[in-house]
Amino acid sequence: MTQKPVLYSFRRCPYAMRARLALASSGQVCIHREIILKNKPVAMLEASPKGTVPVLVLPNGQVIDESLDVAFWALNIADPQDWLAPWREDKDRADALIARNDGPFKHHLDRYKYATRYDDVDEMEHRSEGLKVLESLNADLEVS
């Protein structure tokens, strides 16, 4: 029996969601280990001491612990929905869209959604700024 990759994930983490979606789209079968962030498994921390999800451990021992890297690994094996097309067409533009989502939008989303975790945060200001980022992303995607 061939060994399967092991994916450590957390259901609400947007980066883990990205990895899971790419794995599902590509048809890659993994052993899915849903974790509790307050009680991270020793095996996951040994594989990736930074302790964030997703973590994909391949049968050969290679560890992929960044969501985009997991997505690219899976989609480079099989991409039946052609999700990599934007990178073939204009890699810089595709990278910039992802960076805007993962940078400014995620920053504002966290401060809106989890305002009590931050000192002196106006959650409605971050909601408004996050909406601006989404509107900008939407406008850029519409012209594609």
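Our subject is the structure that appears above.
Residues numbered from 1 in each chain as written. Predicted model: local features only at pLDDT ≥ 70, side-chain atom pairs only at ≥ 80, totals over all residues. Heavy atoms only, no water.

### Concerning the overall build of the chain
Now for step 1: The number of helices and strands found in the chain is 5 helices and 4 strands.
Now for step 2: Starting at the N terminus and ending at the C terminus, the chain contains elements arranged as β-α-β-α-β-β-α-α-α.
Now for step 3: Dimensions of the chain, computed from C-alpha atoms along their principal axes, come out at roughly 55 × 40 × 20 Å.
Now for step 4: Across the 144 residues of the chain, 31% fall into the buried class.
Now for step 5: Summarising the internal contacts of the chain: among those between residues at least 6 apart in sequence, 56% fall at separations of at least 24. (Helix = DSSP H or I, 4+ residues; strand = E, 2+ residues; numbered from the N terminus. Buried < 20%, exposed > 50% of the residue type's maximum accessible area, 1.4 Å probe, protein only. Contact = heavy atoms within 4.5 Å.)

### Concerning the side chain of arginine 111
Now for step 1: With respect to the element layout, arginine 111 can be found in helix α4 (residues 85–113).
Now for step 2: Residues in contact with arginine 111, not counting those within four places in the same chain, are Tyr118, Val121, Glu123 and His126.

### Thoughts on α4
Now for step 1: Between its terminal C-alpha atoms α4 stretches only 32 Å, short of the 42 Å expected from 29 residues at 1.5 Å a residue.
Now for step 2: Along α4, the sharpest kink reaches roughly 120°, centred on lysine 91.
Now for step 3: Looking at the packing, one finds that the buried side of α4 touches α1 (14–26) and α5 (123–142). (Expected span 1.5 Å × (residues − 1). Bend = angle between axes of the 7 residues up to and from the residue.)

### Concerning the sheet that holds strand β1 (residues 6–9)
Now for step 1: Taken in spatial order, the 4 strands of this open sheet run β2-β1-β3-β4, and their pairing is mixed. The sheet terminates laterally at β2 (31–34) and β4 (63–64), the two strands that pair on one side only.
Now for step 2: Two elements, β1 and strand β3 (residues 55–57), share 3 bridges in a ladder whose sense is antiparallel. Paired with leucine 7 across the two strands is leucine 56, which belongs to β3. (Pairing = 2+ DSSP bridges.)

### Describing the pattern of salt bridges
Now for step 1: What the rule picks out here adds up to 8 salt bridges.
Now for step 2: The partner of glutamate 66 in a salt bridge is lysine 50, with the nearest N and O atoms 2.3 Å apart. Highlighted residues: glutamate 66 in the loop between β4 and α3 (67–77) and lysine 50 in the loop between α2 (42–47) and β3, separated in sequence by 16 residues.
Now for step 3: Between aspartate 140 and arginine 100 there is a salt bridge, and its shortest N-O distance comes to 2.3 Å. With aspartate 140 in helix α5 and arginine 100 in helix α4, this pair connects stretches of sequence that are 40 residues apart.
Now for step 4: Residue class for aspartate 140 comes out partly exposed when judged on its relative accessible area of 28%.
Now for step 5: Of the residues examined, arginine 100 reaches a relative accessible area of 22% and is grouped as partly exposed. (Salt bridge = Lys/Arg side-chain N within 4 Å of Asp/Glu carboxyl O.)

Remember, this is a structural readout, not a statement about activity or role.
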